[in-house]
Every structure is written in C-alpha cells, then in structure tokens.
Amino acid sequence: MPFMINQELCAKCGGCFVKCPNRAIVQRGERYRVTEMCCDCGACTDFCSMRAIGKGKQRAVSDNRILGKALKDKLHLDRHIVAMRFADKPLKGVQVEEGPTFWCSMCGDVLEGNADPLFLTADACICGGTALMGIGARKSTKEQRAESFPVFIGEGKVYSSEEVLNKAGRHFPFFNKKYGGVIIGSFEHVDRPDMILFPVNGHQMCMLSTAYAFDTGEMIMGNSGTAACLAMTPITLLNNKPVFTCGDHGARTNMRLKDEEILVSIPFRMVSGLVKNMDRTIFAQE
Ligand code: SF4
Ligand code: SF4
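Residues numbered from 1 in each chain as written. Chains lettered and ligands numbered in written order. Predicted model: local features only at pLDDT ≥ 70, side-chain atom pairs only at ≥ 80, totals over all residues.

### Comments concerning the overall build of the protein
Link 1 in the chain: A count of helical and extended segments in the protein gives ten helices and twelve strands.
Link 2 in the chain: Principal-axis analysis of the C-alpha atoms gives the protein an extent of 65 × 40 × 40 Å.
Link 3 in the chain: In the protein, which comprises 286 residues, the share counted as buried stands at 43%. (Helix = DSSP H or I, 4+ residues; strand = E, 2+ residues; numbered from the N terminus. Buried ≥ 20, exposed ≤ 12 C-beta atoms within 10 Å, placed from the backbone.)

Okay, here's the thing in structure tokens:
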C-alpha cells in the first residue's frame, strides 16, 4: 500500500478512518488499515498524533496514460474518457475555447476522439451550468435570461416554470473558490486532472461500483433530473465521490450518448485504487 499503519504505535482512535478523503482506511476488528484506495495524499500522516502512519513500499499510480489504458482495458470501454482540470488560466499548449459552446458538447467531442484539451471559461459557455461547476457564470441581462426561457421552460419542455428551474440548481454544493476556467480533454492528454467522466453500460457500472465497495463498503450514488454538468461535477469534486447520472435531454443530445449509456464521474485521486480493485472482485473471474 502507498501508506501503512504501524499497529504497535496505533492508538485505535479511528481518527484517520474518519478523515481520509479517499475513504481508503478501513476497520478490521480492532485494527485500522490502509487499503488499495489510498492515493498517496499524506493527509492522514499529519492528522495522526501517534505518528503511526508511514509510507509503504508502493506508490499509487498517478500517470494519466497508464490509468486511462487500464480503465479502457478492464472495462472494455469503446469510448474515450473525458478529463477535467480546473485552473485559473490555461496550461502551456492548451488553446482557449472561444465559444459560444456548451460544456456537454465539448465532452461529446472528446468522447468521440477529439483529444486536444481546450480551456473553457464561463464567457465561452452558452448555458449557466458553469456557475455550479466552479468557473462562475457568463454575464447576462434579465432580458437575455428571459429570452432563453422558452427553450426549456413550459409544457413539453424541460421544466414547468422558472421557479422549478431555480430549485433544481439549489440541490448542489457551492464552490467557495471560483476558477478562471476548466481544461477539458481526453484523459491521456490531461495530466493530473481533478476528475474524469465517461459513458458506461449497466455491466461496466456494476464493475466500477463493486470495485469501489470492495474494501470500503461505500456506494456510488446517482443524480438525475437536471443537467449532467450539475449532476456530476459539484458532487464529484466537493464531496470527493464518484457519481452516475443519465443526464438531461440537452446533455444527452450534445454528448451524443447512446440510449443504453449512462455517465459516471470519478475523482482522479480514486482512479488508481479503483483500477487495482477491479482485479480483486468477482468480475476478475470472468
Ligand atoms: S489516527 Fe493514528 S492512532 Fe488513530 S487509528 Fe489512525 S493510525 Fe491509529
Ligand atoms: S488517501 Fe491520503 S489520507 Fe487516505 S490513507 Fe492514503 S495517504 Fe492517508
């Protein structure tokens, strides 16, 4: 494991078990131990007053190319994986997306193999989803906002009223820090992203959730009823949890999802552990 607990020093207080952001520390009988879900962040070493947690012999895999290939091979993915990395300005060599565009259509391009990362800002994004994705909202007037309502509010549309639309947005946690934008590209081309997302079928989703639950007993929860960007990004980043969603009509259309596909998003720090755990569950026998 990347980190290990010295049982001679451990006072069995359970503090690290509660605090580990990756849910990588588990209780076995009276002992606490670190599992494959450990991402090497080192947060637990600062927390443990007994100095009982130290580095193990292995390191968590952090190479995006290795992890991307492993995910594709183990899950038999036939699509590309989208990676998102939040930043205040584009990294060297990353073009700024000028828009107007949608986050979901950019993701759709990546899923279909357009690998080059682009830097999306709120100003380039047509929809308001960016406000709940941590990069702020495009400036618009009351009149401009009202003009867009007929597209998605009313009978036969997405929401029955403006009040319902506003309520849908209140379900999600709030980003305290606003970033300048987000780099969106294929996993192989975005080093150390914050999160990844890709379409899965039921079998692939079951493989992933079994790998997540294997040591932790945690479940991957789903969100639907609003746009895919909101259903996934705030939960994955702020709660540090994998999430799945079927998305909404607009996102499914713009991402060009097949009927049988749902989306799953995963914090990057969990990918190494999930990849390792996939070889330890019942699916490895197939
Ligand atoms: S915080 Fe330290 S002493 Fe407490 S359970 Fe974890 S390793 Fe043991
Ligand atoms: S993920 Fe971080 S906090 Fe959790 S066990 Fe590993 S090093 Fe410690």
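### Quick word on the site of ligand 2
Link 1 in the chain: The full set close to ligand 2 counts 14 residues, and Cys 20, Asn 22, Cys 38, Cys 41 and Cys 44 are the nearest of them.
Link 2 in the chain: When grouped by side-chain class, the residues that make up the shell around ligand 2 number eleven nonpolar, two polar and one charged. (Near = placed C-beta within 6 Å. Nonpolar A, V, L, I, M, F, W, Y, C, P; charged D, E, K, R; others polar.)

### Looking at the sheet that holds strand β5 (residues 82–87)
Link 1 in the chain: Ordered by their spatial adjacency, eight strands build an open sheet running β6-β7-β8-β5-β9-β12-β11-β10, and the pairing between neighbours is mixed. If you trace the sheet from one side to the other, it starts and ends with β6 (95–96) and β10 (221–222), each paired once.
Link 2 in the chain: Bridge count between strand β9 (residues 195–200) and strand β12 (residues 262–267): six bridges; the pairing is antiparallel. Note that in β12 the partner of Ile 196 across the bridge is Ile 266.
Link 3 in the chain: Packed onto the sheet, helix α10 (residues 268–277) meets β9 and β12 and runs at close to 100° relative to β12. (Pairing = 2+ DSSP bridges. Contact = placed C-beta atoms within 7 Å. Axes fitted to C-alpha atoms, helices over the stretch in contact; angles between N-to-C directions.)

### Some thoughts on the environment of Thr 216
Link 1 in the chain: Mapping Thr 216 onto the fold places it in helix α7 (residues 202–216).
Link 2 in the chain: Separated by 179 residues in the primary sequence, Thr 216 and Met 37 have C-alpha atoms spaced 8.5 Å apart.
Link 3 in the chain: Aside from chain neighbours lying at most four places away, what touches Thr 216 is Arg 23, Val 26 and Met 37.

### Things to note about the packing of helix α3 (residues 64–75) against α10
Link 1 in the chain: The geometry of α3 relative to α10 is characterised by a closest axis approach of 10 Å and an angle of 40° between their N-to-C directions. By the angle between their directions, the pair α3 and α10 is classed as oblique. Judged by the sense of rotation from one axis to the other, the crossing of α3 with α10 is left-handed. Note on element contacts: α10 touches α3 through Val 271, Ser 272 and Val 275, opposite Leu 67, Ala 70, Leu 71 and Lys 74.
Link 2 in the chain: Looking at the contact of α3 with α10, its residues break down into five nonpolar, one polar and one charged. (Parallel < 35°, antiparallel > 145°, perpendicular 65-115°, else oblique. Left-handed = near helix turned anticlockwise from the far one by under 90°.)

### Considering the domain arrangement of the protein
When the parts of a complex come together, some accessible area is lost, and that lost area is often taken as the interface size.
Link 1 in the chain: For the protein, the assigned domains read domain 1 (3–55) and domain 2 (64–285).
Link 2 in the chain: Between the C-alpha centres of domain 1 and domain 2 the distance comes to 30 Å.
Link 3 in the chain: Contacts between domain 1 and domain 2 engage eleven residues on the former and ten residues on the latter.
Link 4 in the chain: Taken together, the residues that form the side of domain 1 that touches domain 2 break down as seven nonpolar, two polar and two charged. (Domains from an automatic or database assignment.)

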